[in-house]
Amino acid sequence: MNVIIDPTSVRDLAAMNDEMGVLSVYATADPRDKSASPAWRLAVGNELGALRNGAAGDIDKERRDAVLERLDRLQPEIETVLDSGETGVGRALFAPVSSDDVHTLTVQMPLDDCAVLERRPYLRPLAGALTFGAPAGVLAVSHEGVRVIDLRFGVAREVTRMAFELDTDDWRTLRGPASGGRVGSVSRSATQSDRFDRRVEDNLQRYLASVRPDITRMADEHGWESLAITGDRKLLDVVRKGLSAAPARRDVVLLDRVAESWSTNEIAALVRPELERSRSRRCRAVAEQAREAALSGGPGATGLGDTLGAFRENRVAHLVLDGTRELRGRRTPDGRYYPHGELPPGEPAAAEENDLGERMIELAFTSGAQVTMLPPEAADALAADDGVAALLRW
């Protein structure tokens, strides 16, 4: 089964649960690596070998046999994920041990190189993809009109073209002096030409202003968090007005570069660095928003203990996480998580949990909360808070 990466699909994956284990395999194919054994194949192969060795040493015979048999049966699907001839830069596979289900996805952006066998799918790379490859709109503005492009998870697709068509049927013809070379004839002719050009420009600007509601509607329908607009500076300002206003609160970035005649992929490559910077700013902003809310006694939480407490009460609306942090703690038999040293009295059976970051990502997705993974340049926003914060439902 092919998975389209979006919050709904990731939530369905997060709900997958198999006591025998769910195999998660990720690979990022580097098109520059032309070797017979690419680096991603070696890295994933080593981790699959370690999983197989671990399963072979499992004292639970039923689980040992089930995992080894499932790994053998999955070999063709795993080969497809690792095949350098397949499309997609980032590939992933998710397969429960106790069933024949296999879920795969491909995206045109890096994911990871790893193989993990746990009770639930490993979701951290997908959380990163949803943050850094989030849907964005690109508007290539020119005197021809507007090209509208959807850019998500590394794939650029033209949505529509809004063509500016000049209707001059009701315009009075501006005639200059016929001939004769009288003094001032060139000047008057130039003036009339300037008037004509200004009239064309005025009509173009009115047209661009008129399509803003259509652009806003498309931005809402496609879920664009950011908009990049390219073109002549005077035209950029006309299109921009109103597109970043509440309630959308979209980031709008402007590039003073006419690219309307470029290919879709060339336009995407032009705007991608600015969109990446915009996403980084959004990540920092949501971390600071959560921190300010927590400090003011509002609907926010910071630090591992308070954030886990909010999860236990199902209050988390938006998790913000520095994915490079190692967060450890305990898990009670009923599935509640606590940092070390914060277990309530009477919980002696709590098991060691070595990756509370991944567990919080699971909890967020299964409860319908958003997840933002902080890029390295924004991680300092939560440096004093265990690298974790949350905006709360109440």
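Residues numbered from 1 in each chain as written. Predicted model: local features only at pLDDT ≥ 70, side-chain atom pairs only at ≥ 80, totals over all residues. Heavy atoms only, no water.

Brief notes about the layout of surface pockets
Applied cut-off: Here a cavity denotes grid points, spaced 1 Å and computed from the protein atoms alone, that fit a 1.4 Å probe unable to get out, and a pocket denotes an open set having protein on both sides within 12 Å along at least 5 of 7 lines; residues with an atom within 4 Å of a point are the lining. Grid points are joined across faces, edges and corners, and a volume is the space filled by probe spheres set on the points. Helix numbering and strand numbering both begin at the N terminus, where a helix is a DSSP run of H or I of at least 4 residues and a strand a DSSP run of E of at least 2.
As a volume, the largest pocket reaches approximately 940 Å³. For the largest pocket, the lining is made up of 34 residues, of which Glu-225, Arg-282, His-318, Gln-370 and Thr-372 are closest to its centre. Of all the secondary-structure elements, those providing two or more residues to the lining of the largest pocket are helix 1 (7–14), helix 5 (124–132), helix 9 (264–295) and strand 15 (370–373). With 7 residues, helix 9 is the single largest residue contributor to the lining of the largest pocket.

Re the environment of Arg-393
Rule in force here: The criterion used for residue contact is that any of the two residues' heavy atoms lie within 4.5 Å. We define a polar contact as two N or O atoms separated by no more than 3.5 Å, with the added condition that, inside protein, one atom must be a possible hydrogen donor and the other a possible acceptor, whereas residues neighbouring each other in sequence contribute only through side-chain atom pairs.
Along the chain, the position of Arg-393 falls in the segment after strand 16 (388–392). In this structure, Arg-393 is in contact with Asn-314, Arg-315, Val-316, Ala-317, Ser-367, Gly-368 and Ala-369, ignoring residues within four places of it in sequence. A distance of 2.9 Å separates a polar side-chain atom of Arg-393 from the backbone oxygen of Val-316.

Notes on helix 11 (residues 356–366)
Quick reminder of the rule: A 1.4 Å probe rolled over the protein chains alone gives each residue an accessible area, and that area as a share of the maximum for its type sets the label: buried under 20%, exposed over 50%, partly exposed in between.
Burial runs high along helix 11: 9 of the 11 residues are buried. Buried within helix 11 are the following residues: Leu-356, Gly-357, Glu-358, Arg-359, Met-360, Ile-361, Glu-362, Ala-364 and Phe-365. Where helix 11 terminates, the next one or two residues include Gly-368, which has phi positive at roughly 85°.

Section: the pattern of salt bridges
Stated formally: The term salt bridge refers to a pairing of a side-chain nitrogen on Lys or Arg with a carboxyl oxygen on Asp or Glu at a separation within 4 Å.
Enumeration according to the criterion identifies 28 salt bridges in this entry. For the salt bridge of Arg-41 with Glu-79, the shortest nitrogen-to-oxygen distance reads 3.3 Å. Placement of the pair is Arg-41 in helix 2 (residues 39–56) and Glu-79 in helix 4 (residues 75–82), with a sequence separation of 38 residues. The partner of Arg-328 in a salt bridge is Glu-326, and the shortest N-O contact between them spans 3.3 Å. Assessed through its relative accessible area of 62%, Glu-326 is described here as exposed. If you follow the salt bridges from partner to partner, you end up with Glu-118, Glu-353, Arg-359 and Glu-362 in one network.

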